[in-house]
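An overview of the molecular structure
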Amino acid sequence: MKVDKETLQKVAHLARLNIRPEEEDQLLKDMGEILNWVEKLREVNTKGVEPLTHMTGEVNVLRADKAEATIDRQQALKNAPQQDGKFFIVPQVMKRND
Amino acid sequence: MLDVLKKLEEEGYEATIGLEVHVQLNTVSKIFSADANHETEEANTHVSVISLGHPGTLPVLNAQAVEKAVLMGLACGSQISRYNTFDRKSYFYPDLPKGYQTTQDKTPICIGGKIPLFGTNLLQEQVELHHIHLEEDAGKSIHDEEAGTLIDLNRAGTPLIEIVTNPSVAGPDEAAACLQEIRRMVRYLGIGNANMEKGELRCDANISIKKKGDSLLGEKVEIKNMNSFSHVRKAAIFELERQLALKLAGEPVVVETRTFDPATGQTYGMRFKETMNDYRYFPCPDLPPVVLDDQYLAGLQPRANENPRVYRQRLTQKYQLSDYDLGILTEEKETAQYFEALCQQGVEPKSAANWMNGPLRSLLNEEGKNLSEIAIGTQQLAELIKLVEEDKLVYQTAVQQLLPKLPKATKSPLKLAEELNLLVSEDKAELEAIVREVLISLPKETEAFRKGKKKLLGLFIGEVMKKSRGKANPKVVQQELLKALN
């Protein structure tokens, strides 16, 4: 199955990946092969078969509504690239264009 | 009808409005993890590896979140989905640590149903629902000019229901009324606090206009995140006017997301591009399906019946209240229950309504308390009202001197009135003496009255009441005065 550049760029954008131009050909080829492989599944007749979303067949795995503190703030922030001891800090997010 | 709706009609257009209402559920813990689900000043303290979205963690669904969502659905008359799954809605935003929101796309827990509207001059009696689904809230972003954007994930994983109406809300007033009823319902059912200022109830509105008779809807504009009834109403009015002006000028309405600025009363376009909304929903494999059966639903039905519509119907049928009284008395369940309890103690419904909406409300406002905090039992208040109605206590005396003493009183109103010497005096001789005294102290007025200035009677009554320290029965005072004057 042929994947065009536009589709590749769209998928990359949705995953927030920057693709270098020299990577494009290889990725187009890889994606095409993956789709070919998945295409194989279409050969199976699935008429009347409900989609399988969960493997175990288990249902109603619920927890009682009890609060429990498992980590403190220091631990929560520990792995953040940037933080001030209270907040995670990320690059400025803009909101509105008026 | 609102001006903007008239204008639309004159130009041959009609409005299409749909609402998406997010309600935070007041569970103790979060929807998929045990971290506390309540407000705190301290950022990032109510978090866990699950709400922080760490790899390899497994969410487990909170049973109470399911129950509260079902209660809302039953109260709206929705069909409850017997088989529920969760889906992942993928998008990137810094306050969504997993890169996806766990929500219900394929199997919303409630399907259909309606929100009854209550108010005057509304164009519809109810708003039909498309569905209600369960999902998790995101964290909060604080935009700081210098430091960048600060992220607090205390709110991440707070259970939400999203109530989605059909695009059949008739106008801005109906949109506000629908939101108001949702808040009442949430509070009656006890499934959330629905404090709009705190963002516990938030509303998005989808607004478009189309030529009358067109089968296709017009270009949709979504106004995000409004947190008051009046903002929703004003934003809808502004947006309908804006879209009509564009159409009449032959310009296109751009499909986009906008925000409402309460300061200017206008809506503004946001930077998000619609093409980015490719959420790639797929079933969340981490959360096994939830199967609900008849027995479970039947068990919740009685609690779902504790909703404002049921109370309004019962109070109307049983007590023939005016719409005004009904509105105030059913705004909160505690008030409605208090009213019913007063009536059960033998107080006339009209009288109970007057006392509750008058003196009792003033007292609550003064003390800054609500009914459950003020600690005036319905038995106490019923006895006080009876004392007044049996002319044993003067109304003003009861309201001004006795009512404020009832909270935490260990004695009955009658005992209190006796102790404070407030009961209407049956002592005729004492009253006659006061009447004589008052008339002597006001010789000019007495003469004027006798010459025909009958309006002065009120002044005399007031003086006598004052001298009797509120203990005289106003009707008897009037009789005695007339006797003395004529």
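Residues numbered from 1 in each chain as written. Chains lettered and ligands numbered in written order. Predicted model: local features only at pLDDT ≥ 70, side-chain atom pairs only at ≥ 80, totals over all residues. Heavy atoms only, no water.

All names here are of chain B. Tallied over the entire structure, the rule returns 7 aromatic pairs over all chains. Relative to tyrosine 281, the ring of tyrosine 279 has its centre 6.0 Å away and its plane inclined at 70°; by these criteria the two rings are edge-to-face. The class for tyrosine 279 is partly exposed, based on a relative accessible area of 25%. Looking at tyrosine 281, the relative accessible area reads 33%, which means it is partly exposed. Ring geometry for phenylalanine 449 versus phenylalanine 460: centroids 6.0 Å apart, planes at 70°, classification edge-to-face. Taken as a pair, phenylalanine 449 in helix H15 (residues 443–450) and phenylalanine 460 in helix H16 (residues 457–467) lie far apart in primary sequence, 11 residues in all. This pair shows no difference in class: phenylalanine 449 is buried, exactly as phenylalanine 460 is. Every member of this aromatic cluster is reached through a ring pair, and the members are Tyr91, Tyr279 and Tyr281. The ring of tyrosine 279 has lysine 89 lying over it, and the distance from NZ or CZ to the ring centre is 4.3 Å. The aromatic ring of tyrosine 311 is capped on one face by arginine 314, whose charged end is 4.6 Å from the ring centroid. (Phe/Tyr/Trp six-rings, centres within 6.5 Å; stacked < 30°, edge-to-face > 60°. Buried < 20%, exposed > 50% of the residue type's maximum accessible area, 1.4 Å probe, protein only. Helix = DSSP H or I, 4+ residues; strand = E, 2+ residues; numbered from the N terminus. Lys NZ or Arg CZ within 6 Å of the ring centre and 35° of its normal.)

All names here are of chain A. On the surface, Ile34, Trp37, Val38 and Leu41 cluster together to form a nonpolar patch covering roughly 470 Å² of accessible area. Residue placement: leucine 41 occurs in the loop between helix H2 (24–39) and strand S1 (62–63). Assessed through its relative accessible area of 58%, leucine 41 is described here as exposed. (Patch = residues over 30% accessible without salt bridge, like charges linked within 9 Å, V, L, I, M, F, W, Y side chains within 5 Å. Areas by Shrake-Rupley, 256 points an atom, 1.4 Å probe, with all protein chains shown as cover. Salt bridge = Lys/Arg side-chain N within 4 Å of Asp/Glu carboxyl O.)

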